[in-house]
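Spelled out, the chains give:
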Amino acid sequence: QYLTDIDTDNTWSALPGSPPNAKRCARVGDFLMMGNISGTPNGIQWSSINSPATSWAASRLTQAGSASMPSEYGPIQKIVGGRYATIFQERGIMRLSYVGPPLVWRADVVSADRGAIAPFAVANIGYFSYFLAQDGFYVTNGSTVEPIGNQRINQWFFENVHSAYIGRIHAAVDWENKMIVWAFHGTESDAYDRAIVYSWAEGRRSSATLNTHWIVGSTLDGIDLDSLDAIYGDLDSIPISLDSVELQGGGRRLAAFANVGGSSNYQTFTGTPLEATFRTGESQPSPGQRVFVSEAYPLIEADSWDALISLYMRDNKGAVTTSNEVEVGWSGFAAVRGEGQKVAVQMRIPAGGEWGGAQGVQVRYKKAGYR
């Protein structure tokens, strides 16, 4: 379906030309391409060149036509458009390049062993598509496929996702922070209450706990002073600065539809910061010997914040002891105490704390004696 005038139409009309019923759709070059055709899950069909509202019947003149992707790869999950089409099937990935009539499209196999496990879990950044496969997270440029979730990240995800809802995981792009967010159902949840976050700029990952209906990448419309006055009653009641990016048009913003008072409302992630927890991996400061840790220094960008530090010490038999949670003092370090062969540090910033980038935690230690 389509809108004849995007500025004035408030109802949708059936697209002329008898296009197929399909689950997937994308603009590829000068064509509208459909995938997962009704009755043919691995089938695709494309419109007449630069004319999706005319006949979809196969023709050398209009270049409209259809094809079937390899059936062994399963149903088509996603079509990523652009100059060429990247076709994500359940167990494989194909690339379609325009070559003109009579063939119109040339198909090349990108991956024959993994595809997209969930249709909405594919996020596109320029020529790169990030997706969730049966064995973890990957990125493809339409020619090769590379992993972005190491063994630990993939294991954590599959341990924390509700297996019955894994096909419902969806992705959204946070352009402002150069991140992709995948929202999913936790192991015991019937709602989207967990998220895995990937920074494509730094190649790092994190996770979050939140409750949403659907996370989306969106743009902001500008707003004038008269409209602000009508919304808030008077300008003195506006809770944010007039220079805030929230009032500027054209900016991209990560947002979500969330349940508020029984209704699904559009909201942006610009409220009070949630609690943040960082935990390092285990390290062995002095290989082969126990160490005594006395201080921990958080490396974090913040003007005013309170952080709580705790230690996880593992002995040579694998047992773990946990120190008390200690507040970072005015001098910038926490006086923690712990002894063992391996050490991990956890830093917790309470909800409402204002902070920026966190790089890590330094510890002061010395070799411990033997008894």
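Residues numbered from 1 in each chain as written. Predicted model: local features only at pLDDT ≥ 70, side-chain atom pairs only at ≥ 80, totals over all residues. Heavy atoms only, no water.

Let's shift gears to the overall build of the protein chain. Each helix and strand counted, the protein chain has two helices and 27 strands in total. Dimensions of the protein chain along its principal axes, counting C-alpha atoms only, are 85 × 60 × 35 Å. Expressed as a percentage of the 371 residues in the protein chain, the buried residues total 39%. Residue pairs at least 24 apart in sequence account for 53% of intrachain contacts in the protein chain once pairs closer than 6 positions are excluded. (Helix = DSSP H or I, 4+ residues; strand = E, 2+ residues; numbered from the N terminus. Buried < 20%, exposed > 50% of the residue type's maximum accessible area, 1.4 Å probe, protein only. Contact = heavy atoms within 4.5 Å.)

Its place among the elements puts Ser-48 in the loop between strand E3 (40-46) and strand E4 (65-68). As for Ser-48 and Trp-182, which are separated by 134 residues in sequence, their C-alpha atoms are 35 Å apart. Leave out the neighbours within four places in its chain, and Ser-48 touches Asp-30, Phe-31, Thr-54, Ser-55, Thr-62 and Ala-64.

Let us look at the environment of Ile-349. Looking at where Ile-349 falls in the secondary structure, it is placed in strand E26 (residues 342-349). In sequence terms Ile-349 and Glu-275 are 74 residues apart; their C-alpha atoms lie 5.8 Å from each other. Leave out the neighbours within four places in its chain, and Ile-349 touches Glu-275, Ala-276, Phe-278, Ile-300, Asp-306, Ala-307 and Trp-355.

Right, let's get into a nonpolar patch on the surface. The grouping of Phe-120, Trp-214, Phe-257 and Tyr-266 at the surface amounts to a nonpolar patch, some 370 Å² of accessible area in total. Residue position: Phe-257 is located in strand E18 (residues 252-260). (Patch = residues over 30% accessible without salt bridge, like charges linked within 9 Å, V, L, I, M, F, W, Y side chains within 5 Å. Areas by Shrake-Rupley, 256 points an atom, 1.4 Å probe, with all protein chains shown as cover. Salt bridge = Lys/Arg side-chain N within 4 Å of Asp/Glu carboxyl O.)

Now for the sheet that holds strand E12 (residues 145-147). Adjacent strands of a sheet form backbone hydrogen bonds with each other and so pair up, either parallel or antiparallel. Pairing is antiparallel in the open sheet, where four strands are placed in the order E9-E10-E11-E12. Single-partner strands in this sheet number two, and they are strand E9 (123-125) and E12. Direction aside, the axes of adjacent strands within the sheet are offset by 30° on average. Packing against the sheet, helix H1 (residues 151-160) makes contact with strand E10 (128-133) and strand E11 (136-140), and its axis sits at approximately 125° to E11. (Pairing = 2+ DSSP bridges. Axes fitted to C-alpha atoms, helices over the stretch in contact; angles between N-to-C directions.)

Attention now goes to the sheet that holds strand E16 (residues 204-212). Read across the sheet, four strands follow the order E13-E14-E15-E16 without closing on themselves; strand pairing throughout is antiparallel. Each edge of the open sheet is held by one strand with a lone partner, namely strand E13 (170-174) and E16. Mean inter-strand twist for the sheet, computed between neighbouring axes without regard to direction, equals 25°.

Once that is clear, we can look at the environment of Ser-286. Looking at the element boundaries, Ser-286 is found in the loop between strand E20 (276-279) and strand E21 (291-300). Ser-286 gets classed as buried once you look at its relative accessible area, which sits at 8%. Remark: the alpha-carbon pair of Ser-286 and Lys-366, spanning 80 residues in sequence, is separated by 8.6 Å. Beyond its immediate chain neighbours, meaning those up to four positions away, Ser-286 contacts Val-291 and Lys-367.

Once that is clear, we can look at the pattern of salt bridges. For the coordinates displayed, the defined rule picks out ten salt bridges. A salt bridge links Asp-108 to Arg-106, with the nearest nitrogen and oxygen atoms 3.1 Å apart. Given the relative accessible area of 30%, Asp-108 is considered partly exposed. Arg-114 is paired through a salt bridge with Asp-113; the nearest N and O atoms lie 3.8 Å apart. Classification of Asp-113 by relative accessible area gives exposed; the value is 57%. Ionic contacts of the salt-bridge type, sharing partners, join the residues Asp-113, Arg-114 and Asp-135 into one network.

What follows is about the nonpolar core. Formed by 21 residues in total, the largest nonpolar core has its most connected members in Tyr-130, Phe-157, Ile-169 and Trp-182. Elements represented by at least two residues in this core include exactly E9, E10, E11, E13, strand E14 (179-185) and strand E15 (192-199). No other element matches E14, which puts three residues into this core. Not counting chain neighbours up to four residues away, the residues in contact with Trp-182 comprise Ala-121, Tyr-130, Phe-131, Phe-137, Ile-148, Ile-169, His-170, Ala-171, Arg-194, Ala-195, Ile-196 and Tyr-198. (Core = buried A, V, L, I, M, F, W, Y, C linked by side-chain atoms within 4.5 Å.)

A few words now on H1. For H1, the full list of buried residues reads Asn-154, Phe-157 and Asn-160. Along the axis of H1, the buried positions cluster into a sector of 140°, meaning they face one direction only. Looking at H1, the residues exposed on the side facing more than 90 degrees away from the buried face are Gln-151, Arg-152 and Glu-159. Lining the buried residues of H1 we find E10, E11, E14 and E15. Between the side-chain oxygen of the N-cap and the backbone nitrogen of Arg-152 there are 3.2 Å, and the N-cap of H1 in question is Asn-150. (Arc of directions from axis to C-beta. Polar contact = N/O pair within 3.5 Å; in protein donor to acceptor, adjacent residues only side chain to side chain.)

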